[in-house]
Amino acid sequence: MSMLLSDSPPVDRLSEVDRSVRDRLTWSSGKADLYAVDQYFREACGTFAEDLDAMLGVALCMLKSEATAGRRLRPALEILAGAGFRPVDVVRFRHDRMTIREVWRYQFNIATRERIEAMDAILPSTDTVCLVLRDERWTPGAVPAAVRLNSLKGPADPKLRGPEHLRHRLGVVNGLFNFLHISDEPADVLREIAVLCDGPRRELMRDRIRSGFDAVPAVLEVFDDLERRHPEHDFDLERSWQRLAEVPGALGEPARRRARGEEAGLGEVLALVRAEPLDSPSRWDLLTVVTHLLTEMSLSWVTPTVPTVTASYVRETPSDVASDVPGALGTTGAGA
């Protein structure tokens with residue numbers, strides 16, 4: 001049996017989630033061991049214990065705050081529908097420091113501190129919309145819905161993206177303004193559901209998945225409300241600097257210095273974001289600047305806690321099944 005540490009008890013003695021269950025939900029034995037003692041994963045396995053087969057046909061897509069500001073909510077829903085993914089539930093929530101670290105717990109070990117600080121500034125700016133999606137094209141034995149959707153997201157490297165990828169079709173601005181987060185594989189779907197939802201809410205979600213609930217009206221209602229509350233932003237760097245230069249006081253000072261040929265620092269602009277209320281009319285101008293000042297996203301010499309799912313799936317899965325994952329190699333990025 002696997003060991004977490006050389007002097008620790010076998011993993012199978014540390015968790016009530018059976019090895020056979022863990023192996024059905026992830027293609028990484030190391031990840032299966034980590035998740036065996038992850039409280040969110042354990043709770044979700046309890047809720048969905050009788051629905052594991054159905055959960056292989058379910059994916060999660062979180063439309064982040066910049067999707068609201070950039071008016072990518074409806075285009076994302078249309079693209080997902082065209083790819084065969086239909087919402088059976090929707091969870092609206094506001095990210096905070098804790099949820100950010102829990103959703104990306106196993107990716108943040110390779111993220112720079114500045115990247116994490118930038119995510120802390122961006123993600124709580126509006127509510128996030130978590131779509132619980134049924135893959136209408138999934139059949140038993142096929143690639144899990146989460147893996148298929150994750151592969152459709154497209155590579156983190158813009159040069160490797162094609163017109164079929166979600167990131168390309170949504171017009172991703174940069175590594176931070178990428179509009180969506182997609183759970184890598186079934187183990188992550190379950191774990192992230194438990195990060196966001198308590199027991200009663202998970203049970204409601206389970207019932208909706210079982211019944212094939214039509215969540216589209218509820219999703220559109222959320223979109224309408226978010227767009228009423230938050231004005232659209234263009235994410236244009238030069239226009240953002242110009243607008244900031246017209247703001248009096250300390251808020252506009254870095255932009256005015258830049259107009260004189262001086263440099264503005266990432267730390268200085270992040271401090272201004274933290275000092276501004278969430279509804280500040282200058283917030284998205286500041287955040288746009290932050291995404292361009294941040295140049296180091298990942299620690300290249302640090303090994304990821306868990307492997308890239310789609311690449312691992314292709315290596316470890318029979319070719320007749322893995323061929324259903326389009327362009328899988330290298331399609332996920334840490335913190336994406």
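Residues numbered from 1 in each chain as written. Predicted model: local features only at pLDDT ≥ 70, side-chain atom pairs only at ≥ 80, totals over all residues. Heavy atoms only, no water.

**Looking at the nonpolar core**
- Counting 94 residues, the largest nonpolar core has Leu-25, Leu-63, Phe-85, Leu-131 and Leu-149 as the members making the most contacts within it.
- Per-element tally for this core: the top contributor is helix H11 (residues 186-196), with seven residues. (Core = buried A, V, L, I, M, F, W, Y, C linked by side-chain atoms within 4.5 Å. Buried < 20%, exposed > 50% of the residue type's maximum accessible area, 1.4 Å probe, protein only. Helix = DSSP H or I, 4+ residues; strand = E, 2+ residues; numbered from the N terminus.)

**What about the sheet that holds strand E2 (residues 85-93)?**
- The four strands lie next to each other as E2-E3-E1-E4, forming an open sheet whose pairing is antiparallel. On the outer flanks of this sheet lie E2 and strand E4 (180-182), each paired with one strand and no other. Strand-to-strand, the axes of this sheet are offset by a mean angle of 25°, without reference to chain direction.
- Pairing of strand E1 (residues 58-63) with strand E3 (residues 128-135), which is carried by six bridges, proceeds in the antiparallel orientation. Note on E3: the bridge partner recorded for Ala-59 is Leu-133.
- The strands that helix H12 (residues 199-211) touches are E1, E2 and E3; relative to E2, the one it contacts most, it runs at about 165°. (Pairing = 2+ DSSP bridges. Axes fitted to C-alpha atoms, helices over the stretch in contact; angles between N-to-C directions. Contact = heavy atoms within 4.5 Å.)

**Observations concerning the state of the cysteines**
- This structure, assessed with the given rule, holds zero disulfides.
- Cys-197 supplies the cysteine sulfur nearest to Cys-130, a cysteine that is in no disulfide, at a spacing of 7.0 Å.
- Given a relative accessible area of 2%, Cys-130 falls into the buried group. (Disulfide = S-S within 2.5 Å.)

**Some words on the packing of aromatic side chains**
- Enumeration over the complete set of coordinates arrives at seven aromatic pairs.
- Here the aromatic rings of Tyr-35 and Tyr-106 are separated by 5.0 Å at their centres, their planes lie at 40°, and the arrangement is tilted. Placement of Tyr-35 in helix H2 (residues 29-36) and of Tyr-106 in the loop between helix H7 (97-103) and helix H8 (113-122) is noted, with a sequence separation of 71 residues between them. Like Tyr-106, Tyr-35 is buried.
- The aromatic ring of Phe-213 is capped on one face by Arg-208, whose charged end is 4.5 Å from the ring centroid. (Phe/Tyr/Trp six-rings, centres within 6.5 Å; stacked < 30°, edge-to-face > 60°. Lys NZ or Arg CZ within 6 Å of the ring centre and 35° of its normal.)

**Considerations on helix H9 (residues 145-153)**
- Among the nine residues in H9, nine count as buried, and that is most of the element.
- Where H9 is concerned, the buried positions are Ala-145, Ala-146, Val-147, Arg-148, Leu-149, Asn-150, Ser-151, Leu-152 and Lys-153.
- One or two steps after H9, the chain reaches Gly-154, where phi turns positive at roughly 100°.

**Quick notes on the environment of Val-129**
- For Val-129, the position within the fold is in strand E3.
- Classification of Val-129 by relative accessible area gives buried; the value is 0%.
- The sequence separation of Val-129 and Phe-223 amounts to 94 residues, and the corresponding C-alpha distance is 8.4 Å.
- Apart from the residues lying within four places of it in its own chain, the contact partners of Val-129 are Cys-61, Met-62, Leu-63, Val-90, Val-91, Val-222, Phe-223 and Leu-226.

**Regarding the packing of helix H6 (residues 73-82) against helix H13 (residues 216-229)**
- Viewed as axis vectors pointing N to C, H6 and H13 meet at an angle of 160°, and their least axial separation amounts to 10 Å. As judged from the angle between their axes, H6 and H13 are roughly antiparallel. Along its contact with H6, which presents Leu-73, Arg-74 and Leu-77, the element H13 presents Val-219, Leu-220, Phe-223, Asp-224, Leu-226 and Glu-227.
- Class assignment for the residues of the contact of H6 with H13 results in six nonpolar, no polar and three charged. (Parallel < 35°, antiparallel > 145°, perpendicular 65-115°, else oblique. Nonpolar A, V, L, I, M, F, W, Y, C, P; charged D, E, K, R; others polar.)

**Focus: helix H14 (residues 237-245)**
- Inspection of H14 places Ser-240, Trp-241 and Leu-244 among the buried residues, and these make up the whole buried set. Take H14 and look down its axis: the buried residues cluster within an arc of 100°, on one side only.
- The elements touched by buried residues of H14 are helix H15 (253-259) and helix H17 (283-293).
- With a side-chain oxygen lying 3.2 Å from the backbone nitrogen of Glu-238, the N-terminal cap of H14 falls on Asp-236. (Arc of directions from axis to C-beta. Polar contact = N/O pair within 3.5 Å; in protein donor to acceptor, adjacent residues only side chain to side chain.)

Purely geometric stuff here, so don't read any function into it on its own.
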